[in-house]
Structure formats: C-alpha cells, structure tokens
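Analysis of the macromolecular model
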Amino acid sequence: MIRTSLSLLLLVLIPLASFGQQSALNEQKELLARLTGHKPIRANVQLKDRYTQESRKITAEYLKGLIGEFCDESEIDNYSPTGNNVVGTIFATSQTDRWIVIGAHYDSVKDCPGANDNATGVALAYSVAKHVASLETRNYNLKIVFFDEEERGLIGSKAYAKKLLEEKLNVISVHTIDQLGWDEDGDRGIELEVPAEHILDLYTKVAGEFNYTFPIQISDVTSTDHRSFRQLGFAATGITEEYKNGDTTPHYHRSTDTYETVHFEYLSFITEYVKKVFEDIMR
Ligand SMILES: [Zn+2]
C-alpha cells in the first residue's frame, strides 16, 4: 500500500518538476527572442543589436517591466547621460542587512544581436531571481542588476559597484553571468571566473549534493563585470560557458550571434543548477 502511494507520488512529482523546468525554458526563449530581434520587443520594434542609445533604452524598459512582476522594487538607474542599469530588489523574509547580487550585462556590440553575449546571461539571472522571489524563506536580500555598457569597458557594472560601496550595503557575494549558451561538446561544463573562496565552496558543494557531474573549471578571466566588484573589495565570481577551455561560441561579437545559435538545453540546465545554489544561499 505504501509502496503504491509512493510510486504514485513520484509519478506525479516528476512530471511537475519537468513541467516547471519546461515553462522556465519557454520564458528564457521568449526573453532571448525579444532581446535579439527574433521577435519584436514592443509593437513595431525589432532590435538589430543593443548598441545604440535608443535600442539599449528600449531594452532597459522591457527588462524593468519583466522583473517588476516579481521584485519588491524595480527601477532604471540612470547613472550617466548615456548609461542605464536596471535594478530589482527582493527583500529577505527575515530581518537582515545582508545582500546578494546577481547580474548580467544587456548591451551588445554594434550589428550583433547579442544572443549568447549576453542575452543568455540576462535570461539566467532573470530566472534565478524569479525563483528566489518564489521561495518561502529568504535569509538574504537580493539585488538583480542588468548592466549597461559592458562592451564599452564595464561601465555599468563599475557604476553599480561604486553605488553599492557608497550605500554601504553589506554584500556577501556578487555573481555575474556572461555568455552561457554554447556547449558544442555536450559536457555541460562551466567556468567560474576568479571565484572568492566561499563562493567556490558553495558552487562545488551544491554540484555534489545534486550529483551534477559536469566539469566546473576555474579560470582567471577578468574581462567582464565581476571585475568591477572585485576591484572595490566585494567577493565575486563570473559564471560562463567554457570560454577559456575551448568550448565557446564561434559567433562572438558577430552578426551571427543569433537566437538560432543558442544551446537552450544547456542554458536551461545550468539555470536549474544556479537556482539550487541560490536556494542554498537563501536557506
Ligand atoms: Zn559579454
């Protein structure tokens, strides 16, 4: 009798779990389609890239609308005459002054749809933050930030790191994602870029707990947003595909970095993993 109920329960649970993952994947596909010009981002506007002032502004407004659905607060942080970070806040469910930051740049280079670089990072950060918002218990506050002007010299993330310092926020860790949509060899490998020790421990522990056997490589790459935070003394890491280990998109900064060339199953798998990491943090 017990065995029957258990197997019934499992039969129910498994489809529900994969249904959840499927709908998260569909949301990420939709987000990528809008950001890359695969679909219009608003009526009569289909983005060719996210390079011009106008296309970045439209993207920022679109992203603010998306995170506004689950964040306690959302705003466009107009840090300079040319730059706009999109910032969402999700408060802890317990009283705490501790903060976690997850972020990804949303701008692209000229004439590049920027699907892998970096609509994939935006999609991962979006899904993880949305998941965090749905948790019953959160022992940390969360900032989700979409950085502008990364491709012009990490300008948006520098401005945001400076703001965190000025506001004296007690930030425990910063996680930035850049390029997570290529896995030609099918090993689902990722790289953690210059992870602070407690961050590396966390990612390794969670991978072990869930029997995730993909390779996690450590790299010394600092040419993206996490550098801005480390420079100001924050504990940070970058998360990316096997950028240094030779399994990275051949479409980098080209007009062919399109929706069609993204490995969505890989993006979705790593998103589920980073969700587990954030569940562990928030516990
Ligand atoms: Zn990038």
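Residues numbered from 1 in each chain as written. Predicted model: local features only at pLDDT ≥ 70, side-chain atom pairs only at ≥ 80, totals over all residues.

**Examining the confidence of the model for the chain**
Per-chain confidence: the chain averages 93 in pLDDT, with 94% of residues scoring 70 or above. Below a pLDDT of 50 lies the segment residues 1-14, which in the model reaches zero contacts outside its immediate sequence neighbourhood of four places, other chains included. (pLDDT = per-residue confidence, 0-100. Contact = placed C-beta atoms within 7 Å.)

**Section: the packing of helix α5 (residues 197-209) against helix α7 (residues 264-282)**
Packed helices, taken two at a time, are described by the angle their axes make and the gap between the axes. Two elements in contact, α5 and α7, have axes whose closest approach is 9 Å; the angle formed by their N-to-C orientations is 115°. When the axes of α5 and α7 are compared, the pair comes out roughly perpendicular. When the axes of α5 and α7 are compared, the crossing they make is right-handed. Two secondary-structure elements touch here, α5 through Leu 202, Tyr 203, Val 206 and Ala 207 and α7 through Tyr 273, Lys 276, Val 277, Asp 280 and Ile 281. Residue classes in the contact of α5 with α7 are distributed as seven nonpolar, no polar and two charged. (Axes fitted to C-alpha atoms, helices over the stretch in contact; angles between N-to-C directions. Helix = DSSP H or I, 4+ residues; strand = E, 2+ residues; numbered from the N terminus. Parallel < 35°, antiparallel > 145°, perpendicular 65-115°, else oblique. Left-handed = near helix turned anticlockwise from the far one by under 90°. Nonpolar A, V, L, I, M, F, W, Y, C, P; charged D, E, K, R; others polar.)

**Side note on the nonpolar core**
Ranked by size, the top nonpolar core spans 55 residues in total, and within it Val 122, Leu 124, Ala 125 and Ala 129 carry the most contacts. Of all the elements, helix α3 (residues 115-134) adds the most residues to this core, at ten residues. (Core = buried A, V, L, I, M, F, W, Y, C linked by C-beta atoms within 7 Å. Buried ≥ 20, exposed ≤ 12 C-beta atoms within 10 Å, placed from the backbone.)

**Regarding the packing of α3 against α7**
Where α3 meets α7, the axes come as close as 9 Å, and the angle between the chain directions of the two elements is 40°. With respect to α7, the axis of α3 lies oblique. Of the two elements, α3 crosses α7, and the hand of that crossing is right-handed. Here Thr 120, Ala 123, Leu 124, Ser 127, Val 128, His 131 and Val 132 of α3 lie close against α7, whose contacting residues are Leu 267, Ile 270, Thr 271, Val 274, Lys 275, Phe 278 and Met 282. For the contact of α3 with α7, a count of residues per class yields nine nonpolar, four polar and one charged.

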